[in-house]
Amino acid sequence: MSILQKIADIESEMARTQKNKATSGHLGLLKAKLAKLRRELISPKGGGGATAGEGFDVAKTGDARVGFVGFPSVGKSTLLSNLAGVYSEVAAYEFTTLTTVPGCIKYKGAKVQLLDLPGIIEGAKDGKGRGKQVIAVARTCSLIFIVLDVLKPVGHKKLLEHELEGFGIRLNKEPPQITFRRKEKGGINLQCAVPQSELDIDLVKMILAEYRIHNADILLKYDATTDDLIDVVEGNRVYIPCIYLLNKIDQISIEELDIIYKIPHCVPISAHHKWNFDDLLEKAWEYLNLSRIYTKPKGQLPDYSSPVVLHSEHKTLEDFCNKIHKTILKEFKYALVWGSSVKHQPQKVGKEHELADEDVVQIVKKV
């Protein structure tokens, strides 16, 4: 039996099974089997894992990467060409492939790479079309734009989320607050910081047994689900912010537009007419969570023209120095920082100090 057939059989059985306390163990086991099969589909045994594939592998450039995901003919290409045309300082097209089309924009001092990925079809996560390669590129993005036709958004939104979820992409979610550590002996040790509504020791043992794990320490720091535990055990999930772009708003009424504006993570646009691009880029900046750090040579004014752009997880002074040049840390003595990350203006700090957006930094080297 093929992997695809096994996946279909398990999904069918899960759909038939009623959800209640008595069936939670059985469903948990089915979910674990499904996750393992999907991993096998993505990374066949003996292979080197999921690769983007010919025509999809686009070199990363700039400070962040935004991928456009959507069904065919929803306006992704129009959006890319108009966004790049409006916000780029140069006509920043690099038509390096016929499949993934990259562009680049400069916004608030940061260079952001845009990728127009080929249209996804239903079943992409299971290898239909060239969906695996498309979603493999999506996994490398800092932010995903799911582009939807405003006239049929709900059905398409659910289908796309399902495809991305099946490939280990978690949209607008934080990693589970679960500590999982394998060990040589001692059995399964489960600790819960708060009462659990779904997971108990028997269900945890059952799921881990499916992975042939019989010795491990697990700490659940919140009310976790079976899916959360499987995600942590699998260890190959990526957590990416996502904005839903409801395109073609020129075809709906003002009243309908008011309703759309209340949907979380959504921005209504018209790619063709270039409507609401300012809102879209402002929200994208917020979700990318980048920090612009300005350099100040001794005795001179800060250089506000070309900031050093840092990501939210890597914004210490050490990260800042490494982004400029690897050799700076060898000569680093301390830094003077002006901005919201310090109490005094300026303040003397070490390389562990965390910087904030629009801080100004002057590096003092060892004599």
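Residues numbered from 1 in each chain as written. Predicted model: local features only at pLDDT ≥ 70, side-chain atom pairs only at ≥ 80, totals over all residues. Heavy atoms only, no water.

### Looking at the overall build of the protein chain
Applied cut-off: Counting from the N terminus, the helices are DSSP H or I runs at least four residues long and the strands are E runs at least two residues long. The classification of residues rests on relative accessible area computed with a 1.4 Å probe and restricted to protein chains. Under 20% of the type maximum is buried, over 50% is exposed, and intermediate values are partly exposed. Should any heavy atoms of two residues lie within 4.5 Å, those residues are considered in contact. Areas reported as accessible are Shrake-Rupley estimates using a 1.4 Å probe. Residue values count occlusion only from the protein chains shown.
A count of helical and extended segments in the protein chain gives eleven helices and 16 strands. The proportion of buried residues among the 367 residues of the protein chain is 45%. The contacts of the protein chain with a sequence gap of at least 6 include a subset with a gap of at least 24, amounting to 65%. For the protein chain, the accessible surface area stands at approximately 19,100 Å², while carbon and sulfur atoms represent 52% of it.

### Considerations on the sheet that holds strand β13 (residues 303-311)
Worth spelling out the cut-off: Strand pairing is assigned whenever DSSP identifies at least 2 bridges connecting the two strands. To obtain an axis, a line is fitted to C-alpha atoms, over the contacting stretch when the element is a helix, and the angle between two such axes runs from 0 to 180 degrees between their N-to-C directions.
One open sheet holds the five strands; their spatial order is β13-β12-β16-β14-β15, and the pairing between them is mixed. Two strands in the sheet have a free side with no partner beyond their single neighbour: β13 and β15 (347-349). The sheet shows a mean angle of 40 degrees between the axes of neighbouring strands, taken without regard to direction. Strand direction decides the pairing type here: strand β12 (residues 290-295) and β13, joined by five bridges, are antiparallel. Bridged to leucine 290 within β13 is histidine 311. In the packing of helix α10 (residues 317-324) onto the sheet, the strands contacted are β12, β13, β14 (332-338), β15 and β16 (360-365), and the crossing angle to β13 comes to about 115 degrees.

### A few points about the pattern of salt bridges
Worth spelling out the cut-off: What makes a salt bridge here is a side-chain nitrogen of Lys or Arg within 4 Å of a carboxyl oxygen of Asp or Glu, nothing more.
Under the defined criterion, the tally for this structure stands at 17 salt bridges. A salt bridge links glutamate 165 to lysine 173; the nearest nitrogen and oxygen atoms lie 3.3 Å apart. Relative accessible area serves as the criterion here: at 30%, glutamate 165 is assigned to the partly exposed category. Of the residues examined, lysine 173 reaches a relative accessible area of 44% and is grouped as partly exposed. Glutamate 331 is paired through a salt bridge with lysine 365; the nearest N and O atoms lie 3.5 Å apart. Of this pair, glutamate 331 sits in helix α11 (residues 328-331) while lysine 365 is found in strand β16, placing the two residues 34 residues apart along the sequence. Glutamate 331 sits in the partly exposed class, given a relative accessible area of 38%. On the basis of relative accessibility, which here comes to 45%, the residue lysine 365 falls in the partly exposed class. Among the charged side chains, a network of salt bridges with common partners joins Glu165, Arg170, Lys173, Asp231 and Arg237.

### Notes on the packing of aromatic side chains
So the rule is basically this: Any pair of Phe, Tyr and Trp rings, taking the six-membered ring for Trp, is counted once the centres come within 6.5 Å. Such a pair is stacked with planes under 30 degrees apart, edge-to-face with planes over 60 apart, and tilted for the rest. By definition, being over a ring means that NZ of Lys or CZ of Arg is both within 6 Å of the ring centre and within 35 degrees of the ring normal.
Per the stated rule, a full pass over the model turns up three aromatic pairs. Geometrically, the ring pair formed by tyrosine 294 and tyrosine 304 is edge-to-face, given 4.9 Å between the ring centres and 70 degrees between the ring planes. One end of the pair, tyrosine 294, is in strand β12; the other, tyrosine 304, is in strand β13, and ten residues separate them in sequence. Judged by its relative accessible area of 7%, tyrosine 294 is buried. The cationic tip of lysine 36 hangs over the ring face of tyrosine 211; the distance from NZ or CZ to the ring centre is 6.0 Å. In this structure, lysine 348 is placed above the aromatic ring of tyrosine 334, and the distance from its NZ or CZ to the ring centre is 4.5 Å.

### Topic: the side chain of aspartate 231
As for its placement among the helices and strands, aspartate 231 is situated in helix α7 (residues 226-234). Assessed through its relative accessible area of 8%, aspartate 231 is described here as buried. With residues near it in sequence (within four places) discarded, aspartate 231 still touches Arg170, Arg237 and Tyr239.

### Some points on the pairing of strand β7 (residues 188-192)
By the bridge criterion, five bridges tie β7 to strand β8 (residues 216-220) in an arrangement that is parallel. What sits directly across from cysteine 192, in β8, is leucine 220.

### Some details on the nonpolar core
Which entries qualify depends on this criterion: Residues grouped as a nonpolar core are buried Ala, Val, Leu, Ile, Met, Phe, Trp, Tyr and Cys residues, joined through side-chain atoms within 4.5 Å.
Counting 60 residues, the largest nonpolar core has Phe68, Leu79, Ile144, Phe145, Ile146, Ile169 and Leu280 as the members making the most contacts within it. Tallying contributions element by element places helix α9 (residues 277-288) first for this core, with seven residues. Membership of the second largest hydrophobic core comes to 19 residues, among which are Ile178, Ile188, Leu199 and Ile207.

### Section: α10
For clarity, the threshold we go by: Regarding the arc, it is the one traced by the directions from the helix axis to the C-beta atoms.
Those residues of α10 that fall on the buried side of the exposure criterion are Leu317, Phe320 and Cys321. The buried residues of α10 occupy one face: seen down the axis, they fall within an arc of 95 degrees. Summarising the contacts, the buried residues of α10 are in contact with β12, β13, α11, β14, β15 and β16.

### Thoughts on the confidence of the model for the protein chain
For clarity, the cut-off: Each residue gets a pLDDT score, which is the predictor's confidence in that residue and runs from 0 to 100.
Averaged over the protein chain, the pLDDT score is 86; the fraction of residues at 70 or greater is 87%. Note that residues 89-98 has pLDDT below 50 and, in this model, 13 contacts with residues that lie over four places away or in other chains.

### Considerations on the side chain of aspartate 217
Which entries qualify depends on this criterion: Here a polar contact is taken to be a pair of N or O atoms separated by no more than 3.5 Å, where protein atoms must pair a possible hydrogen donor with a possible acceptor and residues adjacent in sequence count only if both atoms sit in side chains.
Along the chain, the position of aspartate 217 falls in strand β8. For aspartate 217, a relative accessible area of 18% puts it in the buried group. A distance of 2.7 Å separates polar atoms of two side chains, one belonging to aspartate 217 and the other to lysine 183. Looking at aspartate 217, its side chain comes within polar contact range of the side chain of asparagine 189, at 3.4 Å.

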